[in-house]
Structure formats: structure tokens, C-alpha cells
Amino acid sequence: MAKSEDAALGLAGAANGLLGSGVARRRLLLAGGAGAGLLAATAAGTSAAADASTPQRVPGAPMSGYGQPAAAEDSVVREGIGSQPGTRGSGASRTPLQALRGTITPSGLHFERHHSGFPTIDPRQHRLLIHGATGRALAFDLEQLHRYPMVTRTQFLECSGNSAVLLRERPVAASCGVIHGLVSTSEWTGVPLSYLLDEAGVGAQARWVIAEGADAGRMNRSVPLAKCLDDAMVALYQNGERLRPENGYPMRLFLPGFEGNMSIKWLRRLELAPQPAMTRDETSKYTDLRPDGRAEGFTFAMGVKSVITSPSPGLALREHGVYQVTGLAWSGRGAIRRVELSADGGRSWVDAEFESTPAPLAQVRFRGAWRWQGQPALLVSRATDTAGRTQPTRGAWIASNGPNGFYHYNAMQQWQVRKDGTVVNSYGV
Ligand SMILES: Nc1nc2c(c(=O)[nH]1)N[C@H]1C(S)=C(S)[C@@H](COP(=O)(O)O)O[C@H]1N2
Ligand SMILES: [Mo]
């Protein structure tokens, strides 16, 4: 494209092709130069009908009881599925972030993290017991829970081990979902835990609530009472339908912004106590080993984070032109205030635009237009939250968390775009 055209379209002065926000957003094909999509418009004389898709000649498939994704989308499945040696259900599966747009994770693609598989629970038999330092012990069945007012919130759940594979010395060759897909977003609906604690009565001694699941491993964690009285929820619905079995059916604790392991699935018991229980799941695991050798427990909030979902490994660029660099940003300490993008490994930055509305403890979709003319590029995103925290570099994260750090990895991700349009995971920024 000629220099003057560049200027007219506002493309001049961009950092390795990244366009400032508000630039050439709609007139994408023109800004990008020749592209296959322009054919129909420029081939004068050919009838438009010849280029359109052919309609089906016979009536199509009938209605169905429960809709499924289009058959051609059957490669969009959870990925990075693995369990610990010798176990069947102690493991994880990940959300294929690179295949999705928007912010909601379809329920069937929500990541899974089980410590002992997921149990089969009869919802008619299941009870939630609230006991300990309460006025009275109470047990709620599902019908009773449905008589309380509910709240609905669209927020993320992230495993604190998400992205830790990036601590390896060499960048793993894997998709965005395999690397970062232990985070998902649902519209969660349920009863605020504060209502149920009100019913039971909170004893003067109570400071912690020990939450326990009905799975074989009885996963349990101590949660500060303050969080339980604030925005904790006993979630019953996920994206409008009952929770999926693997995500806690028929009820789970949901603690917005906190590390995923505290959102106890298949919730069966909440015990109010003056102290944390120091359970297996908050001592042997889910503590952060600091550089000085001490283990820090109860590191609840997930850090500010972002990742470019496209372009990303496995999504090669097929032709030169303008692309939308898009991804997700989130923080366990507030809303996302700003996302910046770089196409040169962090040497220069432009502000990304939000494609959805930022909200507290929720994922936001960002994007920025980028013109790729075959030049090698290093795509990076950097998020800042309303608490004023910005993502660190990988080097800075490792320096402050030490060689034994593992949980809460939230450094910037860099994708390298090669001359042939393929994209690979790379370190640098
Ligand atoms: N009862 C129970 N709750 C649990 C777990 C579990 O194994 N058992 N895994 C925890 C972990 S480590 C995470 S990250 C989240 C994962 O929730 P999801 O499987 O719905 O994505 O659930 C948490 N709650
Ligand atoms: Mo987790």
C-alpha cells in the first residue's frame, strides 16, 4: 500500500503494524490490500448470486431435544486432558481459548479440575449442612435453596496452577488453551452464602468457614468468613442451566476472584470455626513456596492477567492484511482498567479496545487491529486492573517468586509470528 494511502487510513506510524485504537476498524479489507474476500466486490459483471452459497434444495433436519454445536465444529473440545499417573479422575482438562470469542465459556467447554474424579450425586438426596459455630445447624436440600432470592453474575474461575507450564526452561509448543485454559467464565446463578449463614446464625467465635465437597477425596478448604458474607455464592446454575456434573452438580461454592480450588464443588458441608482447619488441600498443596524457603498459605486472589487468544499457536495467518489481535483479560482484585498490545516484543505499546464491558472479577474481551505484511512479530498483551496492578514480565515474576514458585503465574505471554504466518509460544518479554 502506498505511503499516502497509509496516512489516509490512519495506518502510518504504527509499531510493527499495530494500529492505534479507533483506526480503520471497519474498512478492514481495503486497509489490508488485496484479499480473497474482495473478489466478489471487484469482479465487475459477475452476478452476485454466483458467488453466494447455494441453498439446500430439500427440507433440513428436524428439531432436537438438546441442541449440539454444528457438526463442522466438532474439533472444538476441551484439550490438555491428563490425570496423575495411577489415577483416572485426578487431573484436569482445559478450555480451548483460541477457538472461542466473546467472554462466556460454553458449559461443555468449562475447564475441569478434579482431585478424585467427579461423583454421581442424586440431587433429591443431596443436602448442604451448615454447622459449627452457628446458632443452629441447618441442612438445605435443593428445593429449600430455591426458595431464597438468587443472584446472577458473570465471572471467571481460574485454577491457581494455570499457565505454570511457562515456568519450564524452554517454551512448550502448545495451544493457548493447553497453556492457559485452566480459566473459564460462566454466568453463575445461586443463593448468596450470606443469606444461608444468616439463617443459621454466625456465632461470635466464627472467623472461618470450612467448605467440603462430596467427592471421594472430600476436597476441603478454609474460607475467611468475610468473603462468605461478601460475594460468596452457593451456585446452582451455570449459563442458565443446572451446573454440569463435572463443575459441581448439584451445588458448588463460588468465590469470585479467588483461586479456583477454594470454590468447592459438590458442596456438602460448611463448618464455621474460629480458625482455619489447615486441611490437606491448604497445606500439602495451594501454598506458595517463597524464595526464602517459607511457604505462604492463604494466597486467595488471582492476579491481573491477559492472554492473546488469536493469533496464537495453531492459528496460522494465511494471507497478508489487517487482523484483529484479540484476547481475554481478567483480575481477581477488581476490574480490568487497561490492556496494551505490542507487536515488537514489548518495545512499543498501543492501547487495546474493549470488545465487552469490563466488570469486577470478570473477563473482558480486548482487541486491536494489526497489519501483517509478512514481517516477523512478537505479539504481547499487558493488562492493568483497577487495583493499579500490571502484569509482570516472566523474568520479573520468576525473580520475585523464586525458583520454587508455581501457583498464581500471571506474567505476560508472548506469541512469535514467523514469516510464514505460523505462531509459536516464545519467551522474551
Ligand atoms: N469437591 C471438590 N471441589 C473442587 C475440586 C475438587 O477436586 N473437588 N477442585 C478444585 C480446583 S483445584 C479447581 S481449579 C476448581 C475447578 O472447577 P471446575 O472443575 O468447575 O473448573 O474446583 C475446585 N473445587
Ligand atoms: Mo485448581
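Up top is the structure.
On a predicted model such as this, the values are computed, not experimentally measured, just so you know.

### Some details on the site of ligand 1
Okay, step 1: Not every one of the 21 residues close to ligand 1 is listed here, only the nearest: F111, H115, D215, R252 and K265.
Okay, step 2: Measuring from an oxygen atom of ligand 1, one finds a side-chain N or O atom of N247 at 2.7 Å.
Okay, step 3: Within the backbone of S263, a nitrogen or oxygen atom sits 3.1 Å from a nitrogen atom of ligand 1.
Okay, step 4: Contact with the protein chains covers 100% of the free accessible surface of ligand 1, which is 530 Å².
Okay, step 5: Broken down by class, the residue content of the shell around ligand 1 amounts to seven nonpolar, eight polar and six charged.

### Comments concerning helix α7 (residues 193-200)
Okay, step 1: The complete set of buried residues in α7 reads L193, S194, L196, L197 and A200. Looking straight down α7, one finds its buried side chains confined to an arc of 160°; they lie on one side.
Okay, step 2: Immediately beyond the C-terminal end of α7, within one or two residues, lies G201, with a positive phi of roughly 90°.

### Concerning the pairing of strand β10 (residues 233-238)
Okay, step 1: Taking burial as the measure, the six residues of β10 include five buried ones, the bulk of the element.
Okay, step 2: Judged from the three bridges that link them, β10 and strand β12 (residues 252-254) form a sheet pairing that is antiparallel. Looking at the pairing, A235 lines up with R252 of β12.
Okay, step 3: Examined bridge by bridge, β10 and strand β11 (residues 241-242) share two bridges and lie antiparallel to one another. Residue Y237 lies in a different strand from β11, and its bridge partner there is R242.

### Observations concerning the nonpolar core
Okay, step 1: Formed by 37 residues in total, the largest nonpolar core has its most connected members in L341, W370 and V417.
Okay, step 2: The set of elements that each furnish at least two residues to this core consists of α6 (176-180), β16 (305-310), β17 (321-330), β18 (336-342), β21 (364-372), β22 (377-385) and β23 (414-417).
Okay, step 3: It is β17 that provides the largest number of residues to this core, a total of five residues.
Okay, step 4: With 36 residues, the next largest nonpolar core counts L145, A211, M251 and F300 among its residues.

Thresholds applied
- Residues numbered from 1 in each chain as written.
- Chains lettered and ligands numbered in written order.
- Predicted model: local features only at pLDDT ≥ 70, side-chain atom pairs only at ≥ 80, totals over all residues.
- Heavy atoms only, no water.
- Near = heavy atom within 4 Å.
- Polar contact = N/O pair within 3.5 Å; in protein donor to acceptor, adjacent residues only side chain to side chain.
- Areas by Shrake-Rupley, 256 points an atom, 1.4 Å probe, with all protein chains shown as cover.
- Nonpolar A, V, L, I, M, F, W, Y, C, P; charged D, E, K, R; others polar.
- Buried < 20%, exposed > 50% of the residue type's maximum accessible area, 1.4 Å probe, protein only.
- Helix = DSSP H or I, 4+ residues; strand = E, 2+ residues; numbered from the N terminus.
- Arc of directions from axis to C-beta.
- Pairing = 2+ DSSP bridges.
- Core = buried A, V, L, I, M, F, W, Y, C linked by side-chain atoms within 4.5 Å.

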